[in-house]
Structure formats: C-alpha cells, structure tokens
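Architecture and fold: a report
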Amino acid sequence: MLPPIRLVSEAADLAARRHNGMARKGRGNEPYINHLAEVANILAAVTDGADAELVAAGWLHDTVEDTDTTREELAQKFSERVAALVVEVTDDMSLPKPQRQQKQIEDAPHKSPGAKLIKIADKISNIRARIVPDPSGDERNDLAAYTIWAEKVVAGCRGVNAKLDAEFDEAVRRAKSAF
Ligand code: ZN
C-alpha cells in the first residue's frame, strides 16, 4: 500500500479530477471538491489522523456514485479497504430518491465502523452547506427535510466516535435554530 500521506494525496487528486466542473447543492453552489475536502478533513480531525485509508475514502466517497470511477479501480489504486468503504457509502442510483433515502436509514446500522463515520461526516457537511444567510422558504424547507432525514440515518451510525457524534449534534442544533 502507498505510504499514508501519498494515499491521502492521491485520493484528493483523483477526487478533484473526477468531480471537476461539478457544483454542490446549497451555500453559493461551491465546487463539489469543497464538500469532499470537508468530509475528509472532519474524518482526519475526529480520528486525529490515525486512519489514512478512512481519510482517503472520505475524499473518494462520492466517486463511484457520481462519476465513472469503479470499485476495481479504487482497489487497485488505493486498497481493498478504501474501495470497500466507498462502495458501502454508495447509493444505488437506479432506485428513486424516496427508496434510496429509506434504504439509507435501514442499512445504516449494518455498515462497518468506518462507513458509519463517513456517513456521519457526509451528513454534517451537507447540513452545514444548507444553513445559509437569509434563507428562502424553499431553502428552509430543504434544510428541515434534510436534517430530519439525516438524524434518522445517523441514529444507526452512532457510537463509533464520540467527537464525531458531538459534531453532528452541533450541526443539527444549528440547523434547527435556522428553520
Ligand atoms: Zn458526499
């Protein structure tokens, strides 16, 4: 396997290339890479840099879902565990959105500890992005709906990392004071 700093650096580089030109939902339509950097950085911070594969998977967590990246490619370039973590947090995009959302709630408790951490970090980042100054009615409704759903998914992911659980609770507290 690559040395830890190379593993994370290669993951960031591949993620930047694969998501090039994509924008994220919420706060000023930031480049998608901002979301990936935030998720990877949350994971690095709450684990105090102890798990390079987890941070690499944070950078890559949306590549299989949203780009033409495959599990095999990730396994070959990074590691079997990085590939497995990304696949664990990949939604089946052939399902309609309500089914995908329900499936996330049902599947969450059965995920590996690392996948649970990525799920929570992803939800923290997505909630934060939806907290905007002077929200419109639609933005408020979207924040409320997203936060309520995220709480149900995260209920099945808690208990792996206390710092991450606390960060999620803080994001929810801020969201609820904004809707
Ligand atoms: Zn994501």
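Reference entry: report on the structure contained in this document. As the structure is a computational prediction, the values presented were derived from the model and not from experiment.

1. A few points about the packing of aromatic side chains
- Counted by the stated rule, this structure contains one aromatic pair.
- Ring geometry for Y146 versus W149: centroids 5.4 Å apart, planes at 75°, classification edge-to-face. Here the residue Y146 and the residue W149 both occupy positions in helix α9 (residues 137–155), the gap between them amounting to three residues, near one helical turn. Both residues of the pair, Y146 and W149, count as buried.
- Of note, R130 hangs over the ring of Y146, and the distance from its end group to the ring centre comes to 4.1 Å.

2. Let's talk about the coordination of the zinc ion
- In this structure, H35 (NE2), H61 (NE2), D62 (OD) and D122 (OD) serve as the protein donors to the zinc ion, at separations of 2.1 to 2.3 Å.
- For the zinc ion, the four donor atoms in the first shell make angles of 81 to 174° at the metal, a pattern classed as irregular.
- Each donor residue of the zinc ion belongs to the same chain, with the gaps between them written as H-x25-H-D-x59-D. For the pair H61 and D62, a shared accessibility class is recorded, and that class is buried.

3. Considering unusual backbone geometry
- Phi at D48 is positive, roughly 50°, even though this residue is not glycine.
- For D48, the location among the structural elements is in the loop between α2 (32–46) and α3 (52–60).
- Classification of D48 by relative accessible area gives exposed; the value is 69%.
- Located in the positive-phi region is D134, a residue other than glycine, with phi close to 45°.
- Along the polypeptide, D134 turns up in the loop between α8 (113–130) and α9.

4. A word on the pattern of salt bridges
- Applying the stated criterion across every chain yields a total of 19 salt bridges.
- Of the charged contacts, one joins E38 and R128 as a salt bridge, the two residues approaching to 3.0 Å between their closest N and O atoms. Linking E38 in helix α2 with R128 in helix α8, this pair joins segments that are 90 residues apart in sequence.
- According to the relative accessible area criterion, R128 is partly exposed, its value standing at 21%.
- In this structure, the salt-bridge partner of E170 is R173, at a minimum N-O distance of 2.7 Å.

Rules used in this analysis
- Every residue gets a number counted from 1 within its own chain, in the order that chain's sequence is written.
- Reporting in this predicted model follows two pLDDT cut-offs: at least 70 for local features of residues, and 80 or more for side-chain atom pairs to be given and counted; totals over whole chains, interfaces and linings ignore these cut-offs and use all residues.
- To get the side-chain values, take all heavy atoms of the structure and skip hydrogens and water.
- Here a pair means two rings of Phe, Tyr or Trp (six-membered ring of Trp) with centres within 6.5 Å. Their orientation is stacked below 30 degrees between planes, edge-to-face above 60, and tilted elsewhere.
- For helices the rule is a DSSP run of H or I covering at least 4 residues; for strands it is a run of E covering at least 2, with both sets numbered from the N terminus onward.
- Buried residues are those whose accessible area, probed at 1.4 Å on protein chains only, stays under 20% of the maximum for their type, while exposed residues exceed 50% and partly exposed ones sit between those limits.
- To sit over a ring, a charge needs its Lys NZ or Arg CZ within 6 Å of the ring centre and within 35 degrees of the ring normal.
- In this analysis a donor is any N, O or S atom within 2.8 Å of a metal ion (3.2 Å for sodium, potassium and calcium), and since water is not included, sites may seem incomplete.
- Sites are called tetrahedral only when four donors show all angles between 85 and 135 degrees, square planar or octahedral only when four or six donors show opposite pairs over 155 degrees and all other angles between 65 and 115, and irregular in any remaining case.
- We define a salt bridge as a contact between a side-chain nitrogen of Lys or Arg and a carboxyl oxygen of Asp or Glu at a distance within 4 Å.

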